[in-house]
Amino acid sequence: HVQLVESGGGLVQPVGSLRLSCAAKGEIVRINIMGWFRQTPGQQRELVGIIFNSGNTQYADSLKGRFTVSRDVAKNTVDLQMSSLKTEDTAVYYCYVVQDGRVVWGQGTQVTVSS
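Anyway, here's the lowdown on the structure attached to this text. These numbers were taken from a predicted model, which means no experiment stands behind them.

1. A word on the pairing of strand 9 (residues 91–99)
Among the 9 residues in strand 9, 9 count as buried, and that is most of the element. The sheet contact formed by strand 4 (residues 31–39) and strand 9 spans 8 bridges and is antiparallel. Paired with Phe-37 across the two strands is Tyr-94, which belongs to strand 9. Where strand 9 meets strand 11 (residues 109–113), 3 bridges bridge the pair, whose relative direction is antiparallel.

Right, dumping it as C-alpha cells:
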C-alpha cells in the first residue's frame, strides 16, 4: 500500500502563512483523491480540503478562501497552502489519500499558531 510522508509543520505567528507537503510513496497507483484533514486532542478529525483526479476540490466552508490544496499528479504529491493563520488553526494536520476506495492516512504533522 501507499505510504504518505508529510513535511512543513511547525510554529507560525497569527496572520502568517505556512505550506505543508505530502508525498505518496511505494504503491502509488490507483489513487483517486488526495488532501488534508486536521485534529485537536479531544475533537473529531475534520476536513480541511481534498482534491480529485479531475482537479475539482472540496473545502470546509469555514476555511475556504484561506487554505488551498494543490496536487502534482506526476510527482504524487499534495500540498496545503495556509494563509491568514489564526490560533484556532492549531492542530495536527493529516495527509489523506483514497486508493482503491480505501482511506490511507499520514502520520500527522503539528501546526502551532501562536505569538
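Picking up after the structure, the text goes on.
2. So, the state of the cysteines
Under the defined criterion, the tally for this structure stands at 1 disulfide. Between the sulfur atoms of Cys-22 and its disulfide mate Cys-95 the distance is 2.1 Å. Across the S-S bond linking Cys-22 and Cys-95, the dihedral sits near -85°, which makes this disulfide left-handed. Of this pair, Cys-22 sits in strand 3 (residues 18–26) while Cys-95 sits in strand 9, and the two are 73 residues apart along the sequence. Residue Cys-95 is classed as buried on the basis of its relative accessible area, which comes to 0%.

3. A short note on the side chain of Arg-38
Tracing the backbone shows Arg-38 in strand 4. Under the relative-accessibility criterion, Arg-38 is labelled buried at 9%. Side chain to side chain, Arg-38 and Glu-46 meet in a polar contact 2.8 Å long. Of the polar contacts made by the side chain of Arg-38, one reaches the side chain of Tyr-93; its length is 2.9 Å. In this structure Arg-38 touches Gln-44, Arg-45, Glu-46, Val-48, Leu-63, Phe-67, Glu-88, Asp-89, Ala-91, Val-92 and Tyr-93, once residues within four positions along its chain are discounted.

The rules behind the values
- Residues numbered from 1 in each chain as written.
- Predicted model: local features only at pLDDT ≥ 70, side-chain atom pairs only at ≥ 80, totals over all residues.
- Heavy atoms only, no water.
- Buried < 20%, exposed > 50% of the residue type's maximum accessible area, 1.4 Å probe, protein only.
- Helix = DSSP H or I, 4+ residues; strand = E, 2+ residues; numbered from the N terminus.
- Pairing = 2+ DSSP bridges.
- Disulfide = S-S within 2.5 Å.
- Polar contact = N/O pair within 3.5 Å; in protein donor to acceptor, adjacent residues only side chain to side chain.
- Contact = heavy atoms within 4.5 Å.

Honestly, it's all geometry; don't read function into it.
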